[in-house]
Amino acid sequence: MTLLELLQLMRKHLKLMIVLPIVFALATAVVCFVALPNTYTASTSMYVLAKQSSANSDNAANYSNLNASQMMANDVSTLLKSDRIEADTAKDLHLESLKGYSTKVTSETTSRVITLSVTGTDPDIAATIANDMASNVSKVAQQVMDVQSVNVIDQATAPTAPSGPNRPMYIAVALLAGLFVAIAIVVVSDMLNTKVRNADEIEDLLGLPVIGRMPALKGGK
């Protein structure tokens with residue numbers, strides 16, 4: 001099937017091509033606004049400082065301390081994702097677990113700054129979890145790693161605007177999905193239609209040329 005033939009089929013079934021994507025989009029919109037609650041993301045940033053390896057303050061010592069701190073930042077980022085930090089935070093907040101709240105830790109290899117983001121349905125609890133995790137990771141890092149401290153740069157505050165779900169994107173994807181399904185229905189129904197619909201198909205089936213045509217008359221005359 002050529003692109004021109006597909007466009008002709010789509011034009012022939014224009015009603016289906018319009019209605020089905022709209023139905024998909026409306027159904028998705030209902031689900032998004034009724035079944036999916038708003039989520040909020042609270043973020044806090046931390047600065048990792050390694051213990052001084054030398055009392056000297058020359059450039060070589062400073063460079064060594066900087067590299068050590070950067071490597072420690074990667075370790076602290078991994079520690080933030082550990083079960084121990086989550087369990088300690090849940091215990092501090094008198095929660096059974098942090099289920100329902102997702103965490104995201106970002107850090108760069110050239111920086112000692114770590115950003116922790118907590119996303120959940122309650123903005124106040126999300127901010128509290130982020131701040132408590134930052135406090136707990138500082139304590140654990142000082143106990144099990146060669147870390148002097150993990151200092152909080154910006155404490156997490158309760159967000160006022162939701163960060164998700166991305167309802168417009170979901171609706172747009174549903175609209176495209178509806179269009180794809182409509183095209184699939186049109187193409188499959190055309191392939192299953194075994195009727196001879198024009199002279200070209202007769203020639204292909206019989207291998208004989210068409211020598212005459214009978215025009216369709218209105219009103220049976």
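Look above for the structure.
Residues numbered from 1 in each chain as written. Predicted model: local features only at pLDDT ≥ 70, side-chain atom pairs only at ≥ 80, totals over all residues. Heavy atoms only, no water.

### What to know about unusual backbone geometry
Under the convention used in this document: Numbering goes from the N terminus for both helices and strands, where a helix is a DSSP run of H or I of at least four residues and a strand is a run of E of at least two. Each residue's exposure class comes from its accessible area (1.4 Å probe, protein chains only) as a fraction of the maximum for that residue type: buried when under 20%, exposed when over 50%, partly exposed otherwise.
Omega for the bond connecting Gly164 with Pro165 falls within 30 degrees of zero, at 0°, which places this linkage in the cis form. Topologically, Pro165 is positioned in the loop between strand E4 (147-154) and helix H6 (167-192). Residues other than glycine seldom take positive phi values, yet His94 does so here, at roughly 60°. Overall, His94 belongs to the exposed group, its relative accessible area being 75%.

### A word on the packing of aromatic side chains
For the record, the criterion: Under the pairing criterion, centres of Phe, Tyr and Trp rings, with the six-membered ring standing for Trp, must be within 6.5 Å; the plane angle then separates stacked pairs below 30 degrees from edge-to-face pairs above 60, leaving the rest tilted. By the criterion adopted, a ring carries a charge over it if an Arg CZ or a Lys NZ lies within 6 Å of its centre and within 35 degrees of its normal.
The tally for this structure, following the rule as stated, stands at 0 aromatic pairs. The cationic tip of Arg167 hangs over the ring face of Phe33; the distance from NZ or CZ to the ring centre is 4.9 Å.

### Digging into the packing of helix H1 (residues 3-12) against H6
Each pair of packed helices gets described by two things: the angle between the helix axes and the distance between those axes. Threshold: Whenever a helix is involved, its axis is fitted only over the stretch in contact; in every case the axis is a line through C-alpha atoms, and angles between N-to-C directions fall within 0 to 180 degrees. Small angles under 35 degrees read as roughly parallel and large ones over 145 as roughly antiparallel, with 65 to 115 read as roughly perpendicular and the rest as oblique. Any two residues whose heavy atoms approach within 4.5 Å at even a single point are treated as in contact. Asp, Glu, Lys and Arg are counted as charged, while Ala, Val, Leu, Ile, Met, Phe, Trp, Tyr, Cys and Pro are counted as nonpolar; the rest, among them Gly, fall into the polar class.
The N-to-C vectors of H1 and H6 enclose an angle of 105°; their axes lie 10 Å apart at closest approach. The angle between H1 and H6 falls in the class roughly perpendicular. On H6, the residues touching Leu6, Leu9 and Met10 of H1 are Ile183, Val186, Val187 and Asp190. Residues that form the contact of H1 with H6 fall into these classes: 6 nonpolar, no polar and 1 charged.

### Regarding helix H5 (residues 123-144)
The cut-off we apply is this: To estimate the expected span of a helix, count its residues, drop one, and scale the result by 1.5 Å. For this analysis, a polar contact is any N or O atom pair within 3.5 Å, provided that within protein one partner can donate a hydrogen and the other can accept it, and provided that sequence-adjacent residues contribute only side-chain to side-chain pairs.
Taking 1.5 Å per residue, 22 residues should reach 32 Å; H5 reaches 31 Å between its end C-alpha atoms and fits that length. Two or three places before Asp124, at the start of H5, stands the capping residue Asp122, its side-chain oxygen 2.9 Å from that residue's backbone nitrogen.

### Some words on the packing of helix H4 (residues 83-92) against H5
Under the convention used in this document: Should the near helix be turned counterclockwise from the far one by less than a right angle, the crossing is left-handed, whereas a clockwise turn marks it as right-handed.
Two numbers describe how H4 lies on H5: the axes approach to 9 Å, and their chain directions differ by 125°. Comparing the axis directions of H4 and H5 gives the class oblique. For the pair H4 and H5, the crossing hand works out as right-handed. Counted together, Arg84, Ile85, Asp88, Thr89 and Asp92 of H4 and Ile129, Asp132, Met133, Asn136, Val137, Val140, Gln143 and Val144 of H5 form the full contact between these two elements.

### A word on a nonpolar patch on the surface
What counts, and what does not: Patch membership needs two things, relative accessible area over 30% and no salt bridge, and members are linked within 9 Å if like-charged or within 5 Å if nonpolar (Val, Leu, Ile, Met, Phe, Trp, Tyr). The protein chains shown are the only cover counted for residues, whose accessible areas, like all others here, come from Shrake-Rupley with a 1.4 Å probe. When a carboxyl oxygen of Asp or Glu is within 4 Å of a side-chain nitrogen of Lys or Arg, the pair counts as a salt bridge.
Side chains of Leu14, Ile18, Val19, Ile22, Val23, Phe24 and Leu26 sit close together on the surface and give an oily, nonpolar patch of about 590 Å² of accessible area. Secondary-structure assignment places Ile18 in helix H2 (residues 14-34).

### Some thoughts on the sheet that holds E4
So the rule is basically this: Strand pairing follows a simple DSSP-based rule, namely that at least 2 bridges must link the two strands.
Read from one edge to the other, the open sheet built from 4 strands follows the order E2-E3-E1-E4, with strand pairing classed as antiparallel. At either end of the open sheet lies a strand with only one pairing partner, and these are strand E2 (102-107) and E4. This sheet shows a mean twist of 25° between the axes of neighbouring strands, independent of strand direction. The sheet contact formed by E2 and strand E3 (residues 113-120) spans 6 bridges and is antiparallel. Bridge pairing in E3 places Ser107 opposite Ile114. Along the sheet face, H5 touches strand E1 (40-50), E2, E3 and E4 and points at about 15° away from the line of E1.

Just geometry here; none of it tells us what the structure is for.
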